[in-house]
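Residue-level listing of the chains:
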Amino acid sequence: MAEQRDLSQYQRVVIDQDLCISCGACVAVCPWQALELDENAKARLIWEKCYDDFSCVAACPVKCIYKTSEAPEEAKKKPNWYRLGKQLTPEEQKILNDWKAKYGIPVDPLPPS
Ligand code: SF4
Ligand code: SF4
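Keep in mind the model is a prediction, meaning the values are calculated, not measured.

Novice: How should I be thinking about the pattern of salt bridges in this particular structure?
Specialist: Between side chains of opposite charge, a pair can form as their charged atoms come close. A complete count under the given rule lists 9 salt bridges for this structure. With its nearest N and O atoms 2.9 Å apart, the salt bridge here joins Asp-16 to Lys-78. A residue pair is termed long-range when its members are at least 10 positions apart, and Asp-16 in the loop between β1 (13–15) and α1 (25–29) and Lys-78 in the loop between α3 (73–77) and β5 (82–83) qualify at 62 residues. Among the residues examined, Lys-78 registers a relative accessible area of 23% and is labelled partly exposed. The shortest N-O distance in the salt bridge between Lys-94 and Asp-98 comes to 2.8 Å.

Laid out in structure tokens, this is it:
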């Protein structure tokens, strides 16, 4: 049976795509496949897959991935840096809304691709 995780316990990461140099290091080290390079070869978070081990924060050579609790306000406001990996259940959507409110993230995730 698939492991059930409590999505409300994770702070996740914020990515400033303007600073990303498309090296792919974060994608390579993420143990949960929670990062990808998007259509512009910039790192993007897949929101519900991140489980807070922060390997990506340590691996990024330009330090443009932040623990959400430590992310600059301007990075949080930028579009396109995170998406959903699937359609969320109503309960998961509530966790997403609570997470956005808790960390002051004004932008919505891109839909599942
Ligand atoms: S914090 Fe960990 S799980 Fe989340 S995106 Fe970074 S490497 Fe992946
Ligand atoms: S490690 Fe940093 S610079 Fe490299 S792809 Fe990831 S976010 Fe971009």
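Novice: Would you take a moment to explain the packing of aromatic side chains for this structure?
Specialist: The description of an aromatic ring pair rests on the distance of the ring centres and on the angle between the ring planes. Throughout the structure, instances matching the rule amount to 5 aromatic pairs. Geometrically, the ring pair formed by Tyr-82 and Trp-99 is edge-to-face, given 5.4 Å between the ring centres and 65° between the ring planes. With Tyr-82 in strand β5 and Trp-99 in helix α4 (residues 90–103), this residue pair connects regions lying 17 residues apart in the sequence. Residues Tyr-82 and Trp-99 agree in their burial class; the two are buried.

Rules behind the numbers
- Residues numbered from 1 in each chain as written.
- Chains lettered and ligands numbered in written order.
- Predicted model: local features only at pLDDT ≥ 70, side-chain atom pairs only at ≥ 80, totals over all residues.
- Heavy atoms only, no water.
- Salt bridge = Lys/Arg side-chain N within 4 Å of Asp/Glu carboxyl O.
- Helix = DSSP H or I, 4+ residues; strand = E, 2+ residues; numbered from the N terminus.
- Buried < 20%, exposed > 50% of the residue type's maximum accessible area, 1.4 Å probe, protein only.
- Phe/Tyr/Trp six-rings, centres within 6.5 Å; stacked < 30°, edge-to-face > 60°.

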